[in-house]
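One-letter residues, chain by chain:
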Amino acid sequence: MTSTETRTTGKIGDSPLRPDGTLKVTGEFAYSSDLWHDDMCWGVTLRSPHPHARIHGIDVSAALALPGVHAVLTHADVPGLNRVGLEHLDQPALAEDVVRYQGEPVALVAADHPETARRAAKRIVVDYEELPALTDPRRALDEGVPQVQPGGNLVRELTIRRGDPAPQAPVVVALDFEVGMQDQAFLGPESGLAVPDGEGGLDLYVATQWLHVDQQQVCRVLDLPPDRARLHLAGVGGAFGGREDLSIHVHACLLALHTGKPVKMSYARDESFFGHVHRHPAWLRYEFGASEEGRLAYAKADILFDGGAYASSTTAVVGNGGTLGLGPYNIPSVTVDARGVYTNNPPCGAMRGFGCVQAAFAHEALMDELADRVGVDRVEIRALNGMRDGDLNITGQLIDSAAPVAELIRTVRDLPLPASPEGERDIRDLPGGASNTTHGEGVVRGIGYAVTYKNVGFSEGFDDYSTARVRLELTGGEPVATVHTAAAEVGQGLITVEQQICRTELGVDRVVVHPKNTFVGSGGSTSASRQTYVTGGAVKAACEAVRAAVLRLASARLGVGGLRLDGDKIVSASGEVLASLADVLGAEAVEETVEWHHRPTEEIDPETGQGNAHVQYAFSAHRAVVDVDVELGLVKVVALDTAQDVGKAINPDAVVGQIQGGSAQGMGLALMEEIVVTDGKVRNPSFTDYLIPTILDMPPMQVKVLEYADPHAPYGVRGVGEPPTISSGPAVAAAIRAATGKALRRVPVRPEHITL
Amino acid sequence: MDFLAPSTWAEALAAKAERPDALPVAGGTDVMVEMNFDHRRPGALLDLTRVAPLGEWAFDDGRVRLGAGVTYARVIAELGSTLPGLAMASRTVGSPQIRNRGTVGGNLGAASPAGDSHPALLAADAVVEVESAARGVRHVPVADFYTGVKRNALEQDELISAVLIAPPSGPQQFCKIGTRNAMVIAVSAFGFALHPDRRAVGTGIGSAAPTPRRATDAAAFLAGELEAAGLWESRAALPEGLAAEFGRKVRDAAAPIDDVRGTAAYRLHTLSVMARRAATWAWDEHRRAA
Ligand SMILES: Cc1cc2nc3c(=O)[nH]c(=O)nc-3n(C[C@H](O)[C@H](O)[C@H](O)COP(=O)(O)OP(=O)(O)OC[C@H]3O[C@@H](n4cnc5c(N)ncnc54)[C@H](O)[C@@H]3O)c2cc1C
């Protein structure tokens, strides 16, 4: 909640240190779970133990009777509309007559100690009548299955029809693929603090990805105007899409307004697994038709996403899975059917890679199959079919900037390979590591490739913008810029990017990043790899407006026109230095606020799926090298190398950081990350059994960053955060297939899939 | 909840006798997790970390007497060559933080079928030394110590004082399957010891039955075959077929279940592979030592 200020010379293209970096490494960074207020209460949530049940009554009297309890609330205490949802208002903030998934919030408790609150929650008696649950999404649209939502079980169906409706090809390959449910697994659990202002309004400090959409949702449920519910970004410990939907927001506010006290909520790890949406599990059926040389003639895809009990962002995930689900390839004839359905499984929504991750496993596995069938090298088949600048994608959209698929995949191929193992090896370098399961026996090396493309920014006609306020004034005789946006810093490095842009545009050294809150216009979501592009664009535009105002001021002061800013000097048209920025500013503060929109996109045609759905595309490729103990099914990823076109690396260190982290997360899905759901119940809501890669699982990476500027984007940037998560997993899966000779049509690949 | 903090062993035993509901805590890496999850709400915690002798180890009558409070980190650093099997198992436990806090005594106290020290202790014929104020010291062979899922042979008033382990007369091995390369609970585990002095074989199976257990028949089979083929004398290579048959017999000694960490079939399969490999490595080392 304090301002961040750093002094570096870093402009665009440098890698100045991030202001939060040292604090995070030394454990001093204040995360949302560290929020504190004297006199605060603790809020806890009572959740449904059942995937589907009718609620006949809720008795809170025993909970209220516990000393130290300040409030016990149910849906009956919601003042406004008891509905939340990012794209569809289909989810009660607190359950009414039905619960639709295990973990659905039913009641809230505030008490003066978290343990008291937890004990009180256990005393709440909910009279449930269990209902038959729909837990197999493949049956969601059948006759006679339980209806999860009043409008039926279909969230969205998307069709793409392009080219020949009945295409033929000499070579046909097909497969079915299944992707398990991945979790964002951010380390900072959902948490926040709601502080009532004594006048019926409040301030909510919360770790989130989009303050303004949260504010809208909170206000709707609380029945408050926006100026009465002000949101402030608290320290975010990772997000990856899992903080796009609400978690504690409405609940903490309800409790704060009822008790008149500040209320803190902070989930424990197990609750976190129920407190946010996950990546959609998917079932994919793909077919490619190609020439004898391996050139694609047609592709068919049938994709099913399990959306779980509430829509969250399933609509947009289906949009991405459908429009981008055939990968970065030129395909003349296309048939795609993508569906998202409701079930009584945990709700699924946004996660890094958003619909493309699932599809990439299928199209990349099938591309290898095609390569082998026609006898073309697996890299060259991707180069042969890969998109280029000027091509049309499967929705008929012109790719109007770099699309270096061939270059990316050949680049990763040409990177040095890790040395072949010789002689005695340290067991920590072998599959199983220190667990001492092999000294080399059964170990086979495999190499796999994958390539992807991903949209950047919000799509399908969404008016996607960000707002920036930049103020320039003298502080201690030195010009200082203050930049204020509501765009969430979730660890990706946006704060540093905002500073770099201000330094570059305004010639100042010192840039203060104002705390993020709703006192400035929306920054849009920190998702879809969009903030450097969109908020970066807004900050740039605001800086340009400030600069113009300063130059107007200078013209007026100096009585000359045609001025420009060169570093911190005011320079005449002929290049003569006339004054310093400081001279011109004097006691004046120049402030401009700009709302900046990216190029508009369009809704796609409901029947053909054709249209300019996306604003920008980002491309990446990976090469994975794995050692597999084929007898035990254990995998050690030896190398995971990548090439990615980022348009322009505003902060090269941060770019590489995003690529490394994204690659690890994609690898995690290929190897181990899965929420196991049986009959609608989560079986592994803990880091004991939801495994994410450790440092012994993640190999060193070679990262090749290409910079083909996108002429339509500020500074030529291309979103960076998501592509690595998409192409890394399929490359790892391909490498395991290469080592084992097994088809492996499901991820995560479990050891028993290899051995049995 | 009361917090009892004895500073001597006698005080600790007295406290446990007086408060049978007191839950001992050593490194706390199991206890604190259970309390956080509200799986346990003991009347009292009995902190053993101030009882200095528990954190010590020494040679005693030809055996290592390993205090119940000795951490994995110290087993690895100080006993790597003296107790190789236990040290190998210790290296696979959790993360550096857990190895710095977690103790072998705590692993025995928790008696989880997935505890990593158990297969090594079983293979090495360890003996658990327990004591009560009323009845004094009792020695429990480790195979008798595990009585059920997360249950052990301790009486309500007893504490574990130490584990007694004879230094090996031959090579030892420990292998553990997990779905990631570190920080993982065993899907299955196997401990192996060659006892050339007794011409015997030691085994221990983890995570593949309600309790850690031995593969008694497999061990007897292998020792017998080594004897019959004169291999103890000749130190000739272990026939592949023999190692494989030993693996199958180890597998047959297990009774695993399907759970979220792995299937029973996979656990059985891995046991046969681990047993075959471990026996081969140990035998090869035995041959090299000649
Ligand atoms: C992140 C994490 C990872 C882990 N990874 C592993 C792993 O890889 N392998 C593994 O085996 N375990 C693992 N564990 C579990 C745990 O670390 C071990 O079981 C460890 O050996 C427990 O030792 P401790 O000293 O911390 O025991 P504590 O938690 O202090 O006690 C454990 C139990 O033993 C009892 N106890 C302790 N000392 C005595 C005594 N002297 N007399 C009688 N009873 C006693 C306690 O009452 C309690 O019931 C992990 C735990 C965590 C949190």
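What you see is a predicted model; the values in this text were computed from it and never measured.

Here is what the cut-offs are and how they apply
- Residue positions are given per chain, counting from 1 as you read along its sequence in written order.
- Here chains are named by letter from A upward and ligands by number from 1 upward, in the order in which they appear as written.
- Owing to the predicted nature of the model, reporting of local features is limited to residues with pLDDT of at least 70; listing and counting of side-chain atom pairs is limited to 80 or more, with chain, interface and lining totals taken over all residues.
- The basis for the side-chain values is all heavy atoms of the structure; hydrogens and waters are excluded.
- It suffices for a single heavy atom of a residue to lie within 4 Å of a molecule or strand for the residue to be listed as near it.
- Here the open area of atoms and residues is found with the Shrake-Rupley method and a 1.4 Å probe, where only the protein chains shown may cover a residue.
- Numbered from the N terminus, helices here are DSSP runs of H or I no shorter than four residues, and strands are runs of E no shorter than two.
- Residues grouped as a nonpolar core are buried Ala, Val, Leu, Ile, Met, Phe, Trp, Tyr and Cys residues, joined through side-chain atoms within 4.5 Å.
- Here's how the labels work: a residue is buried when its accessible area is under 20% of the maximum for its type, exposed when over 50%, partly exposed in between, all with a 1.4 Å probe on protein chains only.
- Note on contacts: a residue pair qualifies if any of its non-hydrogen atoms lie within 4.5 Å across the two residues.
- In this analysis, strands are considered paired if DSSP registers two or more bridges between them.
- The axes are straight lines fitted to the C-alpha atoms, using for helices just the contacting stretch, and the angles between their N-to-C directions are given from 0 to 180°.
- Accessible surface is computed with a 1.4 Å probe, and the buried area is the amount of it that two parts give up when combined, taken over both parts together.
- Throughout this description, the term salt bridge denotes a Lys or Arg side-chain nitrogen within 4 Å of a carboxyl oxygen of Asp or Glu.
- Residues adjacent in sequence count toward polar contacts only when both atoms are side-chain atoms; beyond that, a polar contact is any pair of N or O atoms within 3.5 Å, and within protein one must be able to donate a hydrogen and the other to accept it.
- Where a domain begins and ends is set by an automatic assignment or by a domain database.
- For this classification, Asp, Glu, Lys and Arg are treated as charged, while Ala, Val, Leu, Ile, Met, Phe, Trp, Tyr, Cys and Pro are nonpolar and the rest, including Gly, are polar.
- UniProt positions are given in the numbering used here, feature names are shortened, and annotations may be inferred rather than shown by experiment.

Draft legend 1. Structural view of the site of the ligand. All names here are of chain B. Around the ligand lies a shell of 31 residues, among which Pro24, Thr29, Asp30, Tyr72 and Asp116 are the nearest. If the ligand stood free it would expose 980 Å²; the protein chains cover 87% of that surface. Of all the elements in the fold, those that place two or more residues in the shell around the ligand are β2 (22-25), α2 (31-36), α5 (96-101), α6 (104-110) and β10 (159-165). Residue contributions to the shell around the ligand peak at 4 residues, all from α6.

Draft legend 2. The nonpolar core, seen in detail. Ranked by internal contacts, the top residues of the largest apolar core, which has 94 residues, are A:Tyr286, A:Phe288, A:Leu326, A:Leu370, A:Val732 and A:Ile736. With 12 residues, helix α8 (residues 356-374) of chain A is the single largest residue contributor to this core. In contact with A:Tyr286, not counting residues within four places along its chain, are A:Val173, A:Ala174, A:Leu175, A:Lys300, A:Ala301, A:Ile303, A:Gly325, A:Leu326, A:Ala359, A:Ala362, A:His363 and A:Leu366. Within the second largest apolar cluster, 45 residues are counted, among which are B:Ala12, B:Val93, B:Phe145 and B:Tyr146.

Draft legend 3. Main features of the sheet that holds strand β5 (residues 63-67) of chain B. Residues and elements named next belong to chain B. Strand order in the open sheet made by the 5 strands is β4-β5-β10-β6-β7, with antiparallel pairing throughout. The strands lining the two open edges of the sheet, one partner per strand, are β4 (57-60) and β7 (136-141). The sheet shows a mean angle of 25° between the axes of neighbouring strands, taken without regard to direction. Of the pairings in the sheet, the one linking strand β6 (residues 127-132) to β10 comprises 5 bridges and is antiparallel in character. Bridge pairing in β10 links glutamate 129 to alanine 162. Across the sheet, helix α1 (residues 9-18) touches β6 and β10, and the angle it forms with β10 is around 125°.

Draft legend 4. Geometry of the interface of chain B and chain A. In this complex, chain B contributes 33 residues to the contact, which on the side of chain A involves 39 residues. Interface of chain B and chain A: buried area, both sides summed, is about 2900 Å²; carbon and sulfur atoms make up 52% of it. When residues of chain B are sorted by the area they lose upon contact with chain A, B:Arg180, B:Asn181 and B:Arg277 head the list and together hold 27% of the total. In this assembly, chain B and chain A are joined by 6 salt bridges. Residue B:Arg41 pairs with A:Glu115 through a salt bridge whose shortest N-O separation is 3.5 Å. Counting the contacts that link chain B with chain A gives 21 residue pairs in polar contact (both at pLDDT 80 or more). Mapped by element, the contributors of at least two residues to the side of chain B that touches chain A are α4 (84-91), β11 (172-177) and α12 (264-288) of chain B. The element that contributes the greatest number of residues to the side of chain B that touches chain A is α12(B), accounting for 9 residues.

Draft legend 5. Representation of the sheet that holds strand β25 (residues 616-629) of chain A in the model. All names here are of chain A. Pairing is mixed in the open sheet, where 4 strands are placed in the order β17-β25-β26-β29. Two strands lie at the open edges of the sheet, namely β17 (443-456) and β29 (703-706), each paired on one side alone. With direction set aside, neighbouring strand axes in the sheet form an average angle of 20°. Summarising the sheet, strand β26 (residues 634-645) and β29 pair through 4 bridges and their orientation is parallel. In the sheet register, aspartate 645 faces β29, and the bridge partner there is leucine 706. Sitting on the sheet, helix α10 (residues 405-414) is in contact with β17, β25, β26 and β29, with an inclination near 25° to β25. In the packing of helix α14 (residues 652-671) onto the sheet, the strands contacted are β25, β26 and β29, and the crossing angle to β26 comes to about 140°.

Draft legend 6. Broad picture of unusual backbone geometry. All names here are of chain A. The step from valine 747 to proline 748 runs through a cis peptide bond, and the omega angle for that step is -5°. Along the chain, proline 748 falls in the loop between β30 (746-747) and α16 (751-755). Non-glycine residue phenylalanine 240 carries a positive phi angle of around 60°. Within the fold, phenylalanine 240 resides in the loop between β12 (229-233) and α5 (249-259). Here phenylalanine 240 falls in the partly exposed class, since its relative accessible area comes to 30%. Of note, glutamate 460 is a non-glycine position whose phi angle comes to about 55°, a positive value. As for its position among the elements, glutamate 460 is in the loop between β17 and β18 (465-475).

Draft legend 7. Looking closely at the domain arrangement of chain A. Residue and element names in this part refer to chain A. Taken domain by domain, chain A consists of domain 1 (4-27 + 465-597), domain 2 (33-131 + 205-236 + 243-267) and domain 3 (278-459 + 604-755). Centre-to-centre separation of domain 2 and domain 3, based on C-alpha positions: 37 Å. Contact residues are listed per partner, giving 16 residues for domain 2 and 20 residues for domain 3. Connecting domain 2 to domain 3 are 0 salt bridges. Inspection of the domain 2/domain 3 interface yields 12 residue pairs in polar contact (both at pLDDT 80 or more). Split by residue class, the side of domain 2 that touches domain 3 holds 6 nonpolar, 4 polar and 6 charged.

Draft legend 8. Representation of the UniProt feature "domain: Aldehyde oxidase/xanthine dehydrogenase a/b hammerhead" (unreviewed entry) in chain A in the model. UniProt's entry tags residues 26-132 of chain A with the feature "domain: Aldehyde oxidase/xanthine dehydrogenase a/b hammerhead" (unreviewed entry), counted in the numbering of this structure. Between the C-alpha atoms that bound residues 26-132 of chain A there is a distance of 50 Å. The span itself is 14% helix and 32% strand.

Draft legend 9. Region of the structure containing the domain arrangement of chain B. Split into domains, chain B comes out as domain 1 (1-47) and domain 2 (172-288). With centres defined by C-alpha atoms, the gap from domain 1 of chain B to domain 2 of chain B works out at 36 Å.

Draft legend 10. How the structure looks around the pairing of β18(A). All names here are of chain A. Here 8 bridges tie β18 to strand β24 (residues 590-597), and the two strands are oriented antiparallel to one another. Along β24, the bridge assignment pairs threonine 467 with glutamate 595. Pairing analysis gives 7 bridges linking β18 to strand β19 (residues 478-484), with the strands arranged antiparallel. Bridging across to β19, valine 470 finds its partner in valine 483. Adjacent in sequence and paired antiparallel, β18 and β19 are bridged by 2 residues, among which glycine 476 carries a positive phi angle near 60°.

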